[in-house]
Amino acid sequence: MVLHTMETAKATEVRPTRTLLDQLEDAGLLLRTGVDGLYIRTAAYQEVADGIDAMVSRWAATLHATRLHMPPLIPRTSFERTNYLESFPDLMGSVHVFAGGEVEHRQLLQRATRGHPWSELLQPSELMLEPAVCHGVYPLCARRPGSGPWLFDVSGHCFRSEPSKEPTRLQSFLMHEVVYVGEAAGAEAHRDMALDRGQALLESLGLEVAAVPASDPFFGRVGNVLAASQLDEQLKTELVAEVPGNSRPTALLSANYHRDHFGRSFGIETTVGELAHSACVGFGVDRIAIALLATQGLDPSRWAPSLRSLLRL
Ligand code: AMP
Ligand code: ZN
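Note on numbering: residues in each chain are counted from 1, in written sequence order. Chain letters start at A and ligand numbers start at 1, both assigned in the order the entries are written. At least 70 in pLDDT is required for a residue's local features to be given in this predicted model, at least 80 for side-chain atom pairs to be given and counted, and no such filter applies to totals for whole chains, interfaces and linings, which use all residues. Hydrogens and water are ignored here; the side-chain numbers use all heavy atoms of the structure.

Some thoughts on the coordination of the zinc ion (ligand 2)
Right, so step 1: For the zinc ion (ligand 2), the full set of protein donor atoms is C134 (SG), E177 (OE) and C280 (SG), at a range of 2.1 to 2.4 Å.
Right, so step 2: Distances up to 2.8 Å from the metal define which N, O and S atoms are donors, and 3.2 Å serves for Na, K and Ca; water is absent from the atom set, so sites may look incomplete. For the zinc ion (ligand 2), the single-chain donor residues occur in sequence as C-x42-E-x102-C. Placement of E177 in strand β8 (residues 172–182) and of C280 in strand β12 (residues 277–284) is noted, with a sequence separation of 103 residues between them. We count a stretch as a helix when DSSP gives it H or I for four or more residues in a row; a strand needs E for two or more, and each element gets its number in order from the N terminus.

Written out as structure tokens, the structure is:
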């Protein structure tokens, strides 16, 4: 019996000599692509991520939120209405396509075969990479003036240009958000309720999280001022956890009150014709999956039955 317990501990323990990313790869969970922050998910990993996604959706269904699956891309025109260009230019990504004729095609191939840069022969398309899944819902609300308040349960792949060796900081990652758009009081209440509920969900998985006031990584000197005022006004709270192998506590979830920022820039009206306020609670699905793997062991088939059943594994 003692031997069995030791064997179990050995099989699931996170070995200190290998980085967390090495261990996730050794365990057949994430596969490197050669680019930091871009990994291929195996079925074993994706099952855990899907379990987290489904758990969030089960809760959102009790709120009668509209379930949407976001594409990883957003129209450039919508992107321009978010604050990304002003505040996070260093994180954004654009889709460029080939729009030339045969002459340009020959040039492209010539450059590529010679190992010369060729991407400058591509043209910006009407698409940007989606940095946060909630951005997709605001244009939907703007098209239906006066029909709110709206509650959405949205998930999808996000892109942020922030390469890192830490597997919890990805360039392509899964985000799941529960988003309210409507009256100011409703938005604040949603932010508070969803933060509490999010914390309860994470704790039910055995994750130890702490709520901390936070700010977004705004760009440049103006960004410092924006970050300070976001902190000051307590607009963003993160639930952070210690993930073995990470240098700092990692945000697994963020709760944000945007005031009328998106209402104003997308032109969203409430039922009484005022500018809509919004709030979103974003679960970092990959971060939660990796935090579980790093703390509960790298083999989900050996996780406690209670945890497996919560994730329907
Ligand atoms: P944010 O919009 O920055 O508040 O992000 C919402 C949630 O997505 C965060 O709380 C994280 O859990 C997750 N997240 C943000 N950036 C990344 C990233 N680079 N890699 C993985 N997860 C992320
Ligand atoms: Zn959001």
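Some points on the state of the cysteines
In protein chemistry, a disulfide is the covalent bond that joins the sulfur atoms of two cysteines.
Right, so step 1: Throughout, a disulfide means two cysteine sulfur atoms within 2.5 Å of one another. A complete count under the given rule lists zero disulfides for this structure.
Right, so step 2: The thiol of C141 is unpaired, and the distance to the nearest cysteine sulfur, on C134, comes to 11 Å.
Right, so step 3: Only protein chains enter the accessibility calculation, which uses a 1.4 Å probe. A residue is then buried if its area is under 20% of the maximum for its type, exposed if over 50%, and partly exposed in between. In this structure C141 comes out as buried when scored by relative accessible area, which is 1%.

Considerations on helix α3 (residues 43–62)
Right, so step 1: For α3, built from 20 residues, the straight-helix expectation of 28 Å at 1.5 Å per residue is met to within 8% by its first-to-last C-alpha distance of 28 Å.
Right, so step 2: One or two positions beyond α3, positive phi appears at H64, with a value near 60°. Under the convention used throughout, the expected extent of a helix is 1.5 Å for every residue step, that is, one less than its residue count.

So, the layout of surface pockets
Right, so step 1: What the second largest pocket holds in volume is close to 150 Å³.
Right, so step 2: Cavities and pockets are defined on a 1 Å grid built over the protein atoms alone: a cavity is a set of grid points where a 1.4 Å probe fits but cannot escape, while a pocket is an open set with protein on both sides within 12 Å along at least five of seven lines, and lining residues are those with an atom within 4 Å of any such point. Lining the second largest pocket are M70, P71, L73, I74, P75, S78, E130, G136, P139, L140 and R143.
Right, so step 3: Secondary structure elements with two or more residues in the lining of the second largest pocket: β4 (73–75) and α7 (138–142).
Right, so step 4: Examining the composition of the lining of the second largest pocket, we find that three residues originate from one element, β4, more than from any other.
Right, so step 5: We call Asp, Glu, Lys and Arg charged. Ala, Val, Leu, Ile, Met, Phe, Trp, Tyr, Cys and Pro are nonpolar, and the rest, Gly among them, are polar. Tallied by class, residues from the lining of the second largest pocket come to seven nonpolar, two polar and two charged. Grid points are joined across faces, edges and corners, and a volume is the space filled by probe spheres set on the points.

Here we look at the pattern of salt bridges
Right, so step 1: Should a side-chain nitrogen of Lys or Arg be within 4 Å of a carboxyl oxygen of Asp or Glu, the pair is scored as a salt bridge. Applying the stated criterion across every chain yields a total of 15 salt bridges.
Right, so step 2: As a salt-bridge pair, D299 and R302 come within 3.5 Å of each other at their nearest N and O atoms.
Right, so step 3: According to the relative accessible area criterion, D299 is partly exposed, its value standing at 28%.
Right, so step 4: A single network of salt bridges, built from pairs that share partners, joins R18, D22, E25, D26 and R32.

A short note on empty space enclosed by the protein
In this approach, a probe sized like a water molecule rolls over the atoms, and the result shows the empty space that is left.
Right, so step 1: Evaluation of the coordinates by the stated rule reveals one cavity of 30 Å³ or more.
Right, so step 2: For the largest cavity, the calculated volume is near 40 Å³.
Right, so step 3: Lining of the largest cavity is provided by L30, Y39, R41, L170, S172 and D286.
Right, so step 4: Its residues assigned to classes, the lining of the largest cavity shows three nonpolar, one polar and two charged.

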